[in-house]
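# Survey of secondary and tertiary structure
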Amino acid sequence: MENHGPGSVAFYLSGQLLTEDYYVANKLAKGFIGTPHVDTNSRLCMSSAVAAHKRAFGADIVPGCYEDLELADLLVLAGSNTAWNHPILYQRMQAAARQDRRVTVIDPRTAATTDLADLHLKLRPGTDSILFNGLLAWLADNKALNSQYVERHCDGLDSTLAAAREAAPDVASVAQQCDLAEQDVATFFQWFAATPRTVTAFSQGINQSVAGTDKGNAIINCHLATGRVGLPGASPFSLTGQPNAMGGREVGGLANTLAAHMDYESGADRHRVRRFWQAPNLARGPGLKAVDMFEAVHRGDIKVLWIMATNPAVSLPETARVREALARCPTVIVSDCVPETDTTAFADILLPAAGWGEKDGTVTNSERCISRQRQFLPLPGDVRPDWWLVSAVGRRLGYTAAFDYRSPADVFREHARLSAFENEGRRLFNLTGLTDLSDTQYQDLEPTQWPLSGASSRPVARLFSDGRFSTSNGRARLVPIRTILPSRQADAGSSLVVNTGRIRDQWHTMTRTARSPRLLQHRDEPFLEVHPEDLTRYGLVEGELGQLIRGSNRFVGRVRSSTGQRPGEVFVPIHWNGQFASDAIANALLEPVTDPVSGQPESKHGHASPGPFTAHWHGRLLTIKGQPRHWRTDYWSQAPLESCVSWHLAGGKIRDWPAQVSLWLGGEPQLVMADPARGVFRAARLQSDRLEAVLLVDAQANRLPDIVWLAGCFAAGALDENRRRHLLAGRDVALDDIGPVICSCFGVGQRQIEAAMKAGYRDVASLGRQLHCGTNCGSCVPELRELLESDRVESDRVEGGMALAPE
Ligand SMILES: Nc1nc2c(c(=O)[nH]1)N[C@H]1C(S)=C(S)[C@@H](COP(=O)(O)OP(=O)(O)OC[C@H]3O[C@@H](n4cnc5c(=O)[nH]c(N)nc54)[C@H](O)[C@@H]3O)O[C@H]1N2
Ligand SMILES: Nc1nc2c(c(=O)[nH]1)N[C@H]1C(S)=C(S)[C@@H](COP(=O)(O)OP(=O)(O)OC[C@H]3O[C@@H](n4cnc5c(=O)[nH]c(N)nc54)[C@H](O)[C@@H]3O)O[C@H]1N2
Ligand SMILES: [Mo]
């Protein structure tokens with residue numbers, strides 16, 4: 001700081017910090033060190049929604065509450081795979097199904113959530129603003145706007161409508177631009193017009209785009225123009241992602257905000273925050289947003305970077321450049337609860353942070369509800385909560401009084417007081433009612449919705465219901481939307497559009513969820529999902545390995561074929577990192593293109609050239625824990641199981657197989673079987689009758705057996721004669737194999753489900769009663785339905801076939 005100024009220090013925070021952690025970090029950086037360069041992974045997540053809210057409402061407010069998802073007669077899910085990513089909300093949506101409730105899903109691919117859809121608009125990626133512009137124009141043409149509401153409460157209708165008409169004049173134009181059937185577009189428009197209780201819930205398919213803010217405003221425009229904001233069952237609804245994405249927005253964790261919903265742009269706000277914190281060094285204006293921040297690190301402008309609770313080496317676009325930036329940065333500080341991540345590998349100073357169950361504080365959800373997170377595990381070793389680590393550094397820097405917190409309750413009270421400070425109703429984010437909580441009251445705090453503008457005020461479920469907004473004139477703003485399409489289109493025939501997203505049982509960069517064998521049962525290997533037409537076009541084979549190439553970047557994964565994909569597009573999961581697979585980081589395929597308003601990366605739209613991954617041999621290796629992690633094979637991915645670690649391997653010619661095998665197995669194998677003509681090789685190593693390692697190699701990947709039975713041999717202890725005999729076959733045909741696990745909660749496999757279906761359990765509820773599958777978290781229910789459906793199609797086919805048989 002002395003040599004290079006406060007701007008040479010940057011903080012990169014996370015929506016997975018608790019509000020108290022976040023508040024203290026933001027205060028130290030912006031108020032005391034005096035650097036504006038504080039940004040957060042929420043930049044990659046919610047910043048387009050934040051910017052859209054501010055443009056429309058004058059403040060970052062989600063007007064509705066969760067109950068609205070149930071009350072809505074038309075539920076529009078835009079770019080949101082709620083079945084997998086918000087499973088609790090999804091179950092509420094499901095339970096609220098009724099005769100007259102309709103659901104429209106807007107997503108370029110068929111995801112688990114489509115299960116709930118009465119209408120699926122499988123649009124060309126990135127064209128959402130055209131669809132909503134078209135809707136606005138159509139509503140106006142069909143006299144379906146709420147003119148009275150617009151007149152009283154909104155500005156900007158004329159210019160917005162003109163822009164909408166220019167971009168998407170009629171149904172035919174929308175259908176053509178979005179690559180949808182005219183009938184489907186018309187149906188959606190008619191439903192929207194006819195349904196006062198409409199909620200449009202949106203998440204990353206909208207936000208993570210070069211036009212993310214515009215997409216958000218295009219949605220909000222339609223809600224404002226019909227007067228459907230902040231009313232029961234009628235609102236635009238941005239679904240947040242991380243547990244405390246909202247808390248981060250409240251403390252001002254984003255580089256362009258200050259604290260407690262105050263902004264740099266206002267001199268009065270800056271003055272107020274400075275006085276409240278008694279800040280010696282308040283940052284003067286907005287700092288660098290995530291992508292630009294890492295660019296500044298790369299340039300050498302930032303000399304100290306403190307990363308907390310996020311894994312940018314995996315989650316930011318163009319990961320190779322991010323890693324280069326981290327390698328160049330003189331001082332990288334990383335606070336994490338997991339020692340080995342792709343980002344901690346670059347740490348000069350690694351701080352052991354408390355993880356979820358070890359820490360105490362608060363989080364806020366999408367409907368502005370603050371809940372306590374209570375510590376239920378002791379702090380191991382030198383581990384400390386993030387707020388403590390930051391405060392300790394603050395005190396050592398000499399800011400003793402400002403960081404003299406004894407507990408998260410101390411921090412929370414101060415945060416609440418700042419929200420109340422000289423507020424006088426100007427800022428909706430107001431926790432006046434919580435400023436004087438005693439330690440015990442804080443400890444026992446029940447989930448509480450803000451605003452709480454007085455000590456005894458009642459929580460408010462919905463905001464802006466009276467049509468008064470947080471803008472300077474109290475009126476909402478409709479925003480004219482020009483069409484901005486994704487930055488790069490795929491080249492027909494040689495590259496695919498890369499869509500990235502989440503899978504059911506993994507969390508982000510899987511630093512924690514990949515440690516749970518149960519969670520890896522659902523998908524144990526990185527994959528790429530394409531339409532069957534593209535299999536043929538690019539020489540890919542389902543179940544074999546495929547690769548995606550962009551320049552010197554590569555993604556290798558198992559090929560899955562799905563008619564749910566649009567031809568020309570590929571879906572890859574965001575989860576795998578360098579610890580768990582050789583080349584499976586989705587962000588390696590993405591360029592750092594950002595939304596000009598929000599700075600959010602276009603994470604849903606890369607491009608890459610597909611092709612088969614050619615290997616001489618494919619292998620499965622199972623070893624007891626504690627084996628070295630990295631195998632120098634062209635392809636590897638690992639998945640920890642209950643009593644061993646399982647590896648998928650593939651590679652080119654190996655000169656000295658015996659040496660290689662001994663290395664992998666941790667010594668010479670006792671059991672060996674080789675059939676060189678077919679490229680088959682199998683070996684096992686035992687230690688006093690217990691299995692230590694097994695290797696199965698085959699020239700063809702699809703000839704390798706499933707490893708469920710083999711994994712059981714590691715758990716079995718000393719192997720009996722029968723197991724020994726079947727070891728190199730990798731399975732015991734006499735035993736039941738449950739197949740791929742569908743329900744992770746109860747460990748129910750596909751074959752068990754199929755057997756139950758044959759025995760007459762023909763719906764989700766009865767399967768649940770019989771096998772328990774789908775009865776806990778419920779996120780496998782769409783897959784259960786899919787199995788039931790394919791069984792139905794199959795039996796129709798068989799019956800049809802029988803009728804033809806005599807010919
Ligand atoms: N299991 C699990 N749950 C999670 C998470 C997790 O890692 N794992 N992460 C949490 C976090 S932080 C977040 S932000 C949320 C994210 O929750 P979601 O937003 O539901 O997550 P994604 O799977 O990233 O993307 C949603 C959908 O957007 C679609 N999409 C892609 N491009 C477009 C487009 O141009 N238009 C439209 N309309 N749709 C498009 C994708 O096909 C995908 O199905 O999930 C949260 N919940
Ligand atoms: N291509 C593509 N990229 C994306 C997305 C996408 O859909 N596609 N989604 C984006 C979105 S929405 C998000 S939210 C980001 C998520 O991206 P990241 O934030 O990078 O992902 P996580 O794996 O959740 O990283 C959290 C890290 O914090 C650690 N951690 C957990 N709890 C604590 C704690 O209490 N304290 C500390 N100090 N550390 C902790 C974890 O071990 C982990 O290393 O990814 C973004 N990147
Ligand atoms: Mo997120």
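As a reminder, the structure under discussion sits directly above these lines.
So, a few notes on the structure that sits alongside this text. Being a predicted model, the structure only gives us computed values, none of them experimental.

Calculation notes
Residues numbered from 1 in each chain as written. Chains lettered and ligands numbered in written order. Predicted model: local features only at pLDDT ≥ 70, side-chain atom pairs only at ≥ 80, totals over all residues. Heavy atoms only, no water. Helix = DSSP H or I, 4+ residues; strand = E, 2+ residues; numbered from the N terminus. Rg over C-alpha atoms; globule rule 2.2 N^0.38 Å. Buried < 20%, exposed > 50% of the residue type's maximum accessible area, 1.4 Å probe, protein only. Areas by Shrake-Rupley, 256 points an atom, 1.4 Å probe, with all protein chains shown as cover. Lys, Arg positive; Asp, Glu negative; His and termini not counted. Charge placed at Lys NZ, Arg CZ, Asp CG, Glu CD. Near = heavy atom within 4 Å. Polar contact = N/O pair within 3.5 Å; in protein donor to acceptor, adjacent residues only side chain to side chain. Nonpolar A, V, L, I, M, F, W, Y, C, P; charged D, E, K, R; others polar. Pairing = 2+ DSSP bridges. Contact = heavy atoms within 4.5 Å. Axes fitted to C-alpha atoms, helices over the stretch in contact; angles between N-to-C directions. Parallel < 35°, antiparallel > 145°, perpendicular 65-115°, else oblique. Left-handed = near helix turned anticlockwise from the far one by under 90°.

### Some points on the overall build of the protein chain
Within the protein chain, the regular secondary structure consists of 28 helices and 29 strands. Relative to the globule expectation of 28 Å for 807 residues, the C-alpha radius of gyration of the protein chain, 28 Å, shows essentially globular dimensions. Burial analysis of the protein chain (807 residues in total) assigns 59% to the buried set. For the protein chain, the computed accessible surface area is about 31700 Å², with 50% contributed by carbon and sulfur atoms. Separation of charge centres in the protein chain, based on 84 positive and 90 negative side chains, amounts to 3 Å.

### Details of the site of ligand 1
Around ligand 1 there are 30 residues in total, and Asp107, Asp128, Ser203, Arg502 and Gln506 lie nearest to it. Interatomic distance of 2.9 Å between a side-chain N/O atom of Asn499 and an oxygen atom of ligand 1. Compared with its free state, where it exposes 910 Å², ligand 1 has 97% of that area covered by protein. Those elements giving two or more residues to the shell around ligand 1 turn out to be helix H4 (82-85), helix H11 (204-207) and strand S16 (496-501). Its residues placed into classes, the shell around ligand 1 shows seven nonpolar, 16 polar and seven charged.

### So, the pairing of strand S19 (residues 553-561)
Pairing analysis gives four bridges linking strand S17 (residues 527-530) to S19, with the strands arranged parallel. Within S19, the position partnered with Leu528 by the bridge is Val559. Here six bridges tie strand S18 (residues 545-550) to S19, and the two strands are oriented antiparallel to one another. Across the sheet, Arg550 pairs through a bridge with Asn553, a residue of S19.

### With respect to the site of ligand 2
In the vicinity of ligand 2, 32 residues are found, and the nearest of them are Gln16, Asn41, Ser315, Asp336 and Thr509. A distance of 3.3 Å is found between an oxygen atom of ligand 2 and a backbone nitrogen or oxygen belonging to Ala309. Between ligand 2 and Thr500, the relevant distance is 2.8 Å, taken from a nitrogen atom to a side-chain nitrogen or oxygen of the residue. Burial of ligand 2 by the protein chains amounts to 98% of its free accessible area of 930 Å². The residue inventory of the shell around ligand 2, partitioned by class, reads 10 nonpolar, 16 polar and six charged.

### A word on the pairing of strand S12 (residues 361-364)
Residues of S12 alternate between two faces, with Gly361 and Val363 on one and Thr362 and Thr364 on the opposite face, all of them buried. Hairpin remark: S12 followed by strand S13 (residues 369-373), antiparallel, with four residues in the connecting loop; positive phi at Arg368, about 65°.

### Some points on the environment of Pro87
Note that Pro87 resides in helix H5 (residues 87-95). For Pro87, a relative accessible area of 24% gives the class partly exposed. Placed 690 residues apart in sequence, Pro87 and Cys777 show a C-alpha to C-alpha distance of 7.2 Å. Excluding residues within four positions of it along the chain, Pro87 makes contact with Thr82, Cys777 and Ser779.

### Quick notes on the packing of helix H6 (residues 128-141) against helix H12 (residues 212-225)
It is at 8 Å that the axes of H6 and H12 come closest, and there the two elements cross at 20°. Judged by the angle between their axes, H6 and H12 are roughly parallel. The interaxial crossing formed by H6 with H12 has left-handed handedness. Together, Asp128, Ser129, Phe132, Leu135 and Leu136 of H6 and Lys215, Ala218, Ile219, Asn221, Cys222 and Ala225 of H12 make up the contact between the two elements.

### Observations regarding the side chain of Ser779
Here Ser779 shows up in the loop between helix H27 (764-771) and helix H28 (781-804). Residues within four places of Ser779 in sequence aside, it is in contact with Ala83, Trp84, Pro87 and Arg504.

### Here's the deal with the sheet that holds strand S9 (residues 304-308)
Taking strand neighbours across the sheet as the criterion, the five strands line up as S2-S1-S9-S10-S11 in an open arrangement whose pairing is parallel. The sheet terminates laterally at strand S2 (38-40) and strand S11 (349-352), the two strands that pair on one side only. Strand-to-strand, the axes of this sheet are offset by a mean angle of 15°, without reference to chain direction. The pairing of strand S1 (residues 9-13) with S9 spans four bridges and is parallel. Among the inter-strand pairings, Val9 is bridged to a residue of S9, identified as Val304. Running at roughly 160° to S1, helix H1 (residues 19-33) makes contact with S1, S2 and S9 of the sheet. Its contacts with the sheet place helix H15 (residues 290-299) against S1, S2 and S9, and it is angled at close to 140° to S1.

### Focus: H27
Every buried residue of H27 is listed here: Val764, Ser766, Leu767, Gly768 and Leu771. N-cap assignment for H27: the residue whose side-chain oxygen lies 3.1 Å from the backbone N of Ala765 is Asp763.

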